[in-house]
Amino acid sequence: MTTTLQKRYEPAEYEEKWYRFWEAHELFKAEPKSNKEPFCIVIPPPNITGILHTGHLLPMVLQDLIIRFKKARGADTFWLPGTDHAGIATQNVVERELAKEGLTREKIGREEFVKRVWEWKERSHDGITDQLKRLGASLDWSRERFTLDEGLCKAVTKAFVKLFDDGLIYRGFYIINWCPRCQTAISDLEAIYRPTEGNLYHIKYPIKDTVDHIVVATTRPETMLGDTGVAIHKSHPKADYLRGKTIILPVVGRELPVVEDDAVDPEFGTGIVKITPAHDPNDFEIGNRHGLPRITVMNKDATMNQNAGEYQGLERMECRRRLVKYLKENGLLEKIEPHSHKVAHCQRCDTVIEPYLSQQWFVKTKPLAEPAIAAVKNGDVKFISPAWENLYFDWMENIRDWCISRQLWWGHRIPAYYCQGCDEQIVSEERPSNCPKCGGTEIVQDEDVLDTWFSSALWPFSTLGWPDDTEDLRTYYPTSCLVTAFDIIFFWVARMIMMGLYVMHEVPFKVVYFNGLICDEKGQKMSKSKDNVVDARNLISEFGTDAVRFALAIQSIPGRQYLPISEGRVAGYRNFVNKIWNAARFILMNTPSAEEGNGSMPAAGVTKLSDLATLGDEQRPLGLADSWMLSRLARLVIDVTEDLEEYKFYEACDVIYQFVWHEYCDWYLELAKLDLYQDDDPQLKERCTKILCGSLDVILRLLHPIMPFITEELWQHLPRSDDSPISIALCDWPESDKSLVSDDAERSMSLVMEIITKVRTMRSEMNVPPSRQAPVIVYTANASLRELLRDGSKYIMSLAKTESLTVTDSEPERKHCATAVGADCEIFVPLEGIINFELERARLGKELKKIDKNINADERKLRNREFISNAPRDIIEMVKKRHRESTEQRAKIERALKFVAD
């Protein structure tokens, strides 16, 4: 009894089953003791803020594709799983949960709050793990890590202390980006600048002991309360006049010195600027150069403090409104101009960032950046595509010190301690029992935690066991490849390269593949406000994992920043999944079962293409269709292998798609039926079945890294031998044989297919009933072509539904014949006696009038300026497309009318 698959592929019936099977047999477990070449990827750890969204799917799919491919190529593959504690993001999420209970973190205290976050972490982790398994991720779960697990805490502390001891970490006062809502410092990269329509306020500052004044322009008048100087460029026309003078700060009455500094832009505003060292990074630098005091006028929640005088307690925007009103009423506001500028917002909560003077911990990045730049320039780290290199170099060559301290409760506590007796600062891997300076025992740890990206920067080696000397670290570092989104090239990639070189003296990975970001079908970023979010879980539930994976992989073009995804696009690749299923179903229905003795069939997973080629011999050589298919399949293996080795996922997917759908299914399976249904020639039938099974095995193995679930299910139904692995996931990658590539067979089959296609087109255009056979005449003066067509006549007669095929070098009568031109030949389909010419002329005439009416209507619309100006773009494109299609259809009708003319 032959193997029969269900009529329709239902992903839900197979996906969980096969993932459990892979896990039970530990197919994803790394083997550091093996003699295989190691190939390691560390997962970009998802944040434990919630479930994975559609944007997470792409890098996960690509990593799994790479791992499965490399495993099939004989490597000891290791894909390391893990999650990130995501300090500020997770703390915000848990604080929102507390708010639902009417609580705050301050109310419950640090210890209880951290406990709550750990509980959240467990719930979120389970959801993320389930999603990754549903995606088919071939992760080694026995080696899973978390950025706050014991081993990584040890690594973070060790790295911090090493950097500190080497003079690369310091603590100091500096202007940082401060989020009043999150109540923490954030890095420059976490400050998102948005175009904002604001105002430029021109304020009069009196000159002491004169009746004169200067005018300074500012976008933030509330900060003037902290002014400690006025600066001017030496080239300014008033520079000589103002040199040595004192300026009086309005409202406050503070005396301000005038300083000359090259950093002042003479073209901005009036060319004279107020200096507020505690609330502007540029002013901070100017203030340092000229010894100006720093006066902070805001609290950490962006309300005004005691230094703001009568404005104390006001929120910063309310202070601005009242201050501007005062300046107007007292004749101190010369004018207000509209001003477009970029304003920094917190990446996490969207609050406007406040430049704030604060004591923080910093990493000196210049010494770390220099070897990291060299690593990319000399090829130790290869970017795919190279277009990202310039972006990387530009940032790294202009890098600023990295503020690594955060005023949060969730994260790695900074390993710095302070003696309460003498204020001594101690940085140590272990908590000191007493002060090394005064011997005191009253010691407290720094309250701040480290920036999340600090622990993430250590991820490639800390997850492998560093600082301990582990077998995994020795075997898998440096890792082989990193797949991540281009938007974290600075947050993560650059910092991993810096820290890898600093700590391990080797780059952390050899290749970086930057994937694009998922967007909607129109290229717009997904957001709830736009109602264009495509839920990853819904996509997988509706269309199956394999269709989603293929839809993502086929769009992954290096350097492409945005990848559109939609239900319609994924639905198209679900059709491809069904096409594969139906092809396999047909083959298996015609393959003997084990009980029927299928031992002579090619063994799944171990058969080579060359084995299939030997099925032909001198007495019974392979037919044209088989030779063509094996040539195309051999070429496919070569192309897909090269594409995947070069990370050209889109090309690999496309070439497989085109071959499977348009060559294997549309043509070869139809051609193979001529041999498969030869009941009077069992040997030919058996050979055909062997080639079908063997070719399907090769195709499934090529597809497996992209579509793991359907390929596993189908492969398990193929004939097996004792040498066959237990899973397609353990099969070797198909070996190609260049000797099987036959240009002659491909050219010959291409001509046969062209003739069949053109005959089918002519039959359709002339309305020949599908059940009615018609004669075909091929006219060519090429003798070798005539010989080839006689060899391929059985294919043409069967697939073109011809009652006879005549290949001749004599030009036939053209009257009442549908004709088409092929490669070095003409094709004729005599229609007399097959169709009623009079009725066909009438039918075509009606069709022509109808199509002309549609063409004229569309042309009127496209000539209408009002329509072009006002109609939605998609409607205009639809009309243009309809007009093109109608024009093409009209040409076909006119051609058909010529054939049926008197």
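Up top is the structure.
Bear in mind the structure is a predicted one, so any value in this text is a computation, not a measurement.

(A) Spotlight on the overall build of the protein chain. A count of helical and extended segments in the protein chain gives 29 helices and 29 strands. Along the first, second and third principal axes, the C-alpha atoms of the protein chain reach 115 × 70 × 55 Å. Counting across all 902 residues of the protein chain, residues that qualify as buried make up 55%. Here the analysis covers contacts within the protein chain between residues at least 6 apart in sequence; of these, 77% occur between residues at least 24 apart. For the protein chain, the exposed area adds up to about 40,400 Å²; of that, 47% sits on carbon and sulfur atoms. When the 116 basic and 137 acidic side-chain charges of the protein chain are each reduced to a single mean position, those positions are 5 Å apart.

(B) Just the packing of aromatic side chains, in detail. Overall, the coordinates contain 42 aromatic pairs when judged by the stated rule. Considering the side-chain rings of Phe-160 and Trp-361, the 5.6 Å spacing of their centres and the 65 degrees angle between planes classify their relative orientation as edge-to-face. Within this pair, whereas Phe-160 is found in helix α6 (residues 150-165), its partner Trp-361 is found in strand β14 (residues 354-363), the two being separated by 201 residues in sequence. With respect to burial, Phe-160 and Trp-361 carry one shared label: buried. Centre to centre, the rings of Phe-550 and Tyr-573 are 5.4 Å apart; their planes meet at 45 degrees, and the pair counts as tilted. Placement of Phe-550 in helix α17 (residues 545-553) and of Tyr-573 in helix α18 (residues 567-589) is noted, with a sequence separation of 23 residues between them. Neither residue differs from the other here; Phe-550 and Tyr-573 are each classed as buried. Counting every residue linked through ring pairs, the aromatic cluster contains Phe-383, Trp-388, Tyr-392, Phe-393, Phe-486, Phe-514 and Tyr-562.

(C) Looking closely at the sheet that holds strand β19 (residues 425-427). Strand order in the open sheet formed by 3 strands is β19-β18-β20, with antiparallel pairing between adjacent strands. Each edge of the open sheet carries a strand with a single partner, namely β19 and β20 (443-445). The mean angle between the axes of side-by-side strands here comes to 30 degrees, regardless of whether they run parallel or antiparallel.

(D) Here's a closer look at the environment of Leu-897. Structurally, the position occupied by Leu-897 is in helix α29 (residues 873-899). Separated by 634 residues in the primary sequence, Leu-897 and Ala-263 place their C-alpha atoms 80 Å from one another. Excluding anything up to four places from it in sequence, Leu-897 contacts Arg-841, Leu-844 and Leu-848.

(E) Summary view of helix α23 (residues 708-715). Burial analysis of α23 places 8 of its 8 residues in the buried class, the great majority of the element. Pro-708, Phe-709, Ile-710, Thr-711, Glu-712, Glu-713, Leu-714 and Trp-715 are the residues of α23 that are buried.

(F) A look at the sheet that holds strand β5 (residues 169-179). Taken in spatial order, the 4 strands line up as β6-β5-β14-β16 in an open sheet, and their pairing is antiparallel. Each having just a single partner strand, β6 (184-186) and β16 (402-403) make up the two edges of the open sheet.

(G) Representation of the nonpolar core within the structure. Formed by 225 residues in total, the largest nonpolar core has its most connected members in Tyr-392, Phe-454, Ile-497, Phe-550, Tyr-664 and Tyr-668. In terms of residues, this core owes the most to one element, helix α21 (residues 649-676), which gives 16 residues. Grouped together as the second largest cluster of nonpolar side chains are 36 residues, Ile-295, Tyr-311, Leu-314 and Leu-332 included.

(H) Layout of the side chain of Arg-220. Structurally, Arg-220 is set in the loop between β8 (213-218) and β9 (229-232). You can call Arg-220 buried: its relative accessible area is 19%. Excluding its chain neighbours within four sequence positions, the residues that come into contact with Arg-220 are Lys-274, His-279, Arg-320, Glu-354 and Pro-355.

(I) Summary view of empty space enclosed by the protein. Inspection of the entire model under this criterion finds 4 cavities of 30 Å³ or more. Lining the largest cavity are Leu-27, Phe-28, Lys-29, Ile-67, Arg-68, Lys-71, Thr-77, Phe-78, Trp-79, Ser-138, His-704 and Ala-729. At the level of elements, α2 (54-72) and β2 (76-80) are the ones that each hand at least two residues to the lining of the largest cavity. Looking at side-chain class alone, the lining of the largest cavity contains 6 nonpolar, 3 polar and 3 charged residues.

(J) Region of the structure containing the side chain of Arg-687. Inspection of the secondary structure puts Arg-687 in helix α22 (residues 682-703). At 4.6 Å, Asp-626 is the nearest oppositely charged side chain to Arg-687, a buried residue that forms no salt bridge. Not counting residues within four places of it along the chain, the set of residues in contact with Arg-687 comprises Leu-615, Gly-616, Arg-620, Pro-621, Leu-622 and Gly-623.

(K) Main features of the environment of Leu-799. By secondary structure assignment, the location of Leu-799 is in helix α26 (residues 793-799). According to the relative accessible area criterion, Leu-799 is buried, its value standing at 9%. Note: C-alpha distance between Leu-799 and Leu-671 (128 residues apart in sequence) is 7.8 Å. Once residues lying within four places of it in the same chain are set aside, the contact partners of Leu-799 are Trp-667, Glu-670, Leu-671, Ile-756 and Arg-760.

(L) Broad picture of the packing of helix α20 (residues 624-645) against α22. Two numbers describe how α20 lies on α22: the axes approach to 11 Å, and their chain directions differ by 15 degrees. In terms of axis orientation, α20 runs roughly parallel to α22. Like other packed secondary-structure pairs, α20 and α22 cross with a definite hand, here left-handed. Of the residues in α22, those touching α20 at Asp-626, Met-629, Leu-633, Leu-636, Val-637 and Val-640 are Ile-691, Ser-695, Val-698, Ile-699 and Leu-702. Of the residues that constitute the contact of α20 with α22, the class distribution is 9 nonpolar, 1 polar and 1 charged.

(M) Structural view of α6. With 16 residues, α6 extends 23 Å from end C-alpha to end C-alpha; this agrees with the ideal 22 Å at 1.5 Å per step. Within α6 the residues assigned to the buried category are Leu-152, Ala-155, Val-156, Thr-157, Ala-159, Phe-160, Val-161 and Leu-163. The opening residue of α6 is Asp-149, an N-cap whose side-chain oxygen sits 3.2 Å from the backbone nitrogen of Gly-151. Of the residues flanking the end of α6, it is Gly-167, one or two places downstream, whose phi is positive at about 75 degrees.

(N) Representation of the pairing of strand β7 (residues 191-206). Bridge analysis of β7 against strand β13 (residues 333-346) gives 13 bridges, and the strand direction is antiparallel. Pairing of Ile-203 across the sheet is with Leu-333, part of β13. Summarising the sheet, β7 and β8 pair through 6 bridges and their orientation is antiparallel. Across the sheet, Tyr-205 pairs through a bridge with Ile-214, a residue of β8. The antiparallel pairing of β7 with β8 creates a hairpin that spans 6 residues between the two strands, and Asp-209 there sits at a positive phi of about 60 degrees.

(O) Up close: the pattern of salt bridges. In total, this model carries 56 salt bridges according to the counting rule given. The salt bridge involving Lys-29 is made with Glu-26; its shortest N-O contact spans 4.0 Å. One network of salt bridges, in which partners are shared, links Arg-632, Arg-635, Glu-663, Asp-743 and Glu-746.

(P) Representation of a positive patch on the surface. On the surface, a cluster of positive charge is contributed by Arg-873, Lys-880, Lys-881 and Arg-884. One can find Lys-881 in helix α29.

(Q) Broad picture of the pairing of strand β11 (residues 255-260). The sheet contact formed by β9 and β11 spans 3 bridges and is parallel. Across the sheet, the residue bridging to Ile-232 is Glu-260, located in β11. With 3 bridges connecting them, strand β10 (residues 246-248) and β11 associate as antiparallel partners. Its bridge partner lying in β11, Thr-246 is registered against Pro-257.

(R) View of unusual backbone geometry. Cis peptide bonds are those with omega within 30 degrees of zero, and the linkage from Trp-466 to Pro-467 qualifies with 15 degrees. Look at the link from Tyr-477 to Pro-478: it is a cis peptide, with omega at 0 degrees. The topology assignment puts Pro-478 in the loop between α14 (471-476) and β22 (479-485). Backbone geometry places Ala-86, a non-glycine residue, at a positive phi of 50 degrees. Here Ala-86 falls in the buried class, since its relative accessible area comes to 4%.

Cut-off values and rules
Residues numbered from 1 in each chain as written. Predicted model: local features only at pLDDT ≥ 70, side-chain atom pairs only at ≥ 80, totals over all residues. Heavy atoms only, no water. Helix = DSSP H or I, 4+ residues; strand = E, 2+ residues; numbered from the N terminus. Buried < 20%, exposed > 50% of the residue type's maximum accessible area, 1.4 Å probe, protein only. Contact = heavy atoms within 4.5 Å. Areas by Shrake-Rupley, 256 points an atom, 1.4 Å probe, with all protein chains shown as cover. Lys, Arg positive; Asp, Glu negative; His and termini not counted. Charge placed at Lys NZ, Arg CZ, Asp CG, Glu CD. Phe/Tyr/Trp six-rings, centres within 6.5 Å; stacked < 30°, edge-to-face > 60°. Pairing = 2+ DSSP bridges. Axes fitted to C-alpha atoms, helices over the stretch in contact; angles between N-to-C directions. Core = buried A, V, L, I, M, F, W, Y, C linked by side-chain atoms within 4.5 Å. 1 Å grid on protein atoms, 1.4 Å probe; cavity = no way out; pocket = protein on both sides within 12 Å on 5 of 7 lines; lining within 4 Å. Points joined across faces, edges and corners; volume = space filled by probe spheres on them. Nonpolar A, V, L, I, M, F, W, Y, C, P; charged D, E, K, R; others polar. Salt bridge = Lys/Arg side-chain N within 4 Å of Asp/Glu carboxyl O. Parallel < 35°, antiparallel > 145°, perpendicular 65-115°, else oblique. Left-handed = near helix turned anticlockwise from the far one by under 90°. Expected span 1.5 Å × (residues − 1). Polar contact = N/O pair within 3.5 Å; in protein donor to acceptor, adjacent residues only side chain to side chain. Patch = residues over 30% accessible without salt bridge, like charges linked within 9 Å, V, L, I, M, F, W, Y side chains within 5 Å.

Keep in mind that these numbers describe shape and distance, not what the molecule does.
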